[in-house]
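Each chain is listed here by its residues.
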Amino acid sequence: AQSYMRKVDKSCGLKKIYMKNQLKKILKKEGKYCIQADHLFTFNQKDKRLIEKYYGRSSCEVLNPYYGLEEETIYQSVDDHQKEPFSICFLGQMGRDENYLAAIRLIEIARKVKKQIPELQVYIVGNQPPQQLKQKENDFIHVTGFVEDVDSYLRRSTIAVFPLTLGAGIKLKVLRSLALGLPVITGRVGAEGIDEEGDVIVMAETDEEYEQKIIHLLRREDFRKEISEKGRLFIQKRFSWEISERILSDTYGKG
């Protein structure tokens, strides 16, 4: 529902009317199942608050989402020698509007950064990139399409940037990037449910803020290392499996 609320805010005319109609249907469906379920789980405190606000149900538990990495991977040291200098990575299923639009936005921002950092390389990684996105490829913009191992691009890149304006819920690509020791630049939408105060995520909203913070992070190795370590520790403390395991055990029993 929150995703459609954002689409309503960003649309106009007939599209806005259509989105409002879809939002009403989704609120009705979500409310029905949130009330009927015997147990309700969310992936973050923000969604728990929204469920209480819109559907009147406060009895739900917060579980950590599985973001594709086992715990031992999070504790592995980051090898800076594998990094490609001055490189940016963006992950996302490119068939989704929120990812496609964010990738297009990042490319426009990167063109400005390129004037300051000529060595810049940008990797747009994700399945089903539209032809309009593929046409943006050049000597420093790389649109990969589907890849077997997205982590190889995260590990080789200097920073991850997610200039999202649409979508809702916790962004697993942000968790995955932080867990692998990659400094992350994103805005309110990308950080929600993870680090909305910007303690370990480098926050940006406008294109100018993204440009400035990308340049700063790419040029400041000492700052990158500090942010990288803080991000990994944050994931270890806040998104470990121990709490979720206890909640599920209490809910469903151990045997």
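Here the structure is a predicted model, which is why all the values come from computation and not from measurement.

Draft legend 1. Up close: the overall build of the protein chain. The helix and strand inventory of the protein chain stands at 12 helices and 8 strands. Compactness check: the protein chain gives a C-alpha radius of gyration of 19 Å against a globular reference of 18 Å for 255 residues, within 12% of the reference. Buried residues in the protein chain amount to 49% of all 255 residues. If you take every contact in the protein chain between residues at least 6 apart in sequence, the share linking residues at least 24 apart comes to 64%. By element, 50% of the accessible surface of the protein chain is carried by carbon and sulfur atoms, the whole surface being about 13600 Å². One way to put it: in the protein chain the 42 positive side-chain charges average out to a point 7 Å from where the 38 negative ones average out.

Draft legend 2. Focus on helix α12 (residues 242-252). Every buried residue of α12 is accounted for by Ser244, Ile247 and Ser249. Where α12 is buried, its residues touch β1 (41-42) and β2 (61-62). Phi for Gly253, located one or two positions after α12, is positive at around 85°.

Draft legend 3. Helix α10 (residues 207-219), seen in detail. Between its terminal C-alpha atoms α10 stretches 18 Å, which fits the 18 Å expected from 13 residues at 1.5 Å a residue. Every buried residue belonging to α10 is among Tyr210, Glu211, Ile214, Ile215, Leu217 and Leu218, and all of these are buried. Residues of α10 that are buried in the fold lie against β3 (87-91), α5 (97-116), β6 (159-162), β7 (184-186), β8 (202-203) and α11 (221-238).

Draft legend 4. Geometry of the pattern of salt bridges. Tallying each qualifying case throughout the model produces 12 salt bridges. A salt bridge links Lys46 to Asp47; its shortest N-O distance comes to 2.8 Å. A salt bridge links Glu98 to Arg96; its shortest N-O distance comes to 2.7 Å. By relative accessible area, which is 12% here, Glu98 ends up buried.

Draft legend 5. Quick peek at the nonpolar core. Among the nonpolar cores identified, the biggest contains 59 residues, and Val122, Ile124, Leu133, Ile185, Ile194 and Ile214 are the most heavily contacted of them. No other element matches the 9 residues that α5 contributes to this core. Those residues within four positions of Ile214 in sequence are excluded, and the remaining contacts are Ile88, Leu106, Ile109, Val113, Ile159, Val161 and Ile185. Judged by nonpolar contacts, the second largest core, of 10 residues, contains Met5, Val8, Met19 and Ile51.

Draft legend 6. Spatial organisation of the pairing of strand β5 (residues 141-145). Because side chains alternate across β5, one face comprises the buried residues Ile141, Val143 and Gly145, and the other comprises His142 and Thr144, none of which is buried. Examined bridge by bridge, strand β4 (residues 121-125) and β5 share 4 bridges and lie parallel to one another. Paired with Val122 across the bridge in β5 is Ile141.

Draft legend 7. Molecular detail of the sheet that holds β4. One open sheet accounts for 6 strands, arranged β5-β4-β3-β6-β7-β8; its pairing is parallel. Where the open sheet ends on each side, the last strands, each with one partner, are β5 and β8. Inspection of the sheet shows β3 paired to β6 by 2 bridges, in the parallel sense. Residue Cys89 lies in a different strand from β6, and its bridge partner there is Ala160. Seen against the sheet, α5 touches β3, β4, β5 and β6 and runs at an angle of roughly 170° to β3. In this fold α10 packs onto β3, β6, β7 and β8, with an angle of close to 170° to the strand it touches most, β6.

Draft legend 8. Up close: the packing of aromatic side chains. Tallied over the full model, the rule gives 5 aromatic pairs. Measuring from centroid to centroid gives 5.6 Å for Phe90 and Phe162, while their planes differ by 55°, and the two rings are tilted. With Phe90 in strand β3 and Phe162 in strand β6, this pair connects stretches of sequence that are 72 residues apart. Phe90 gets classed as buried once you look at its relative accessible area, which sits at 0%.

Cut-off values and rules
Residues numbered from 1 in each chain as written. Predicted model: local features only at pLDDT ≥ 70, side-chain atom pairs only at ≥ 80, totals over all residues. Heavy atoms only, no water. Helix = DSSP H or I, 4+ residues; strand = E, 2+ residues; numbered from the N terminus. Rg over C-alpha atoms; globule rule 2.2 N^0.38 Å. Buried < 20%, exposed > 50% of the residue type's maximum accessible area, 1.4 Å probe, protein only. Contact = heavy atoms within 4.5 Å. Areas by Shrake-Rupley, 256 points an atom, 1.4 Å probe, with all protein chains shown as cover. Lys, Arg positive; Asp, Glu negative; His and termini not counted. Charge placed at Lys NZ, Arg CZ, Asp CG, Glu CD. Expected span 1.5 Å × (residues − 1). Salt bridge = Lys/Arg side-chain N within 4 Å of Asp/Glu carboxyl O. Core = buried A, V, L, I, M, F, W, Y, C linked by side-chain atoms within 4.5 Å. Pairing = 2+ DSSP bridges. Axes fitted to C-alpha atoms, helices over the stretch in contact; angles between N-to-C directions. Phe/Tyr/Trp six-rings, centres within 6.5 Å; stacked < 30°, edge-to-face > 60°.

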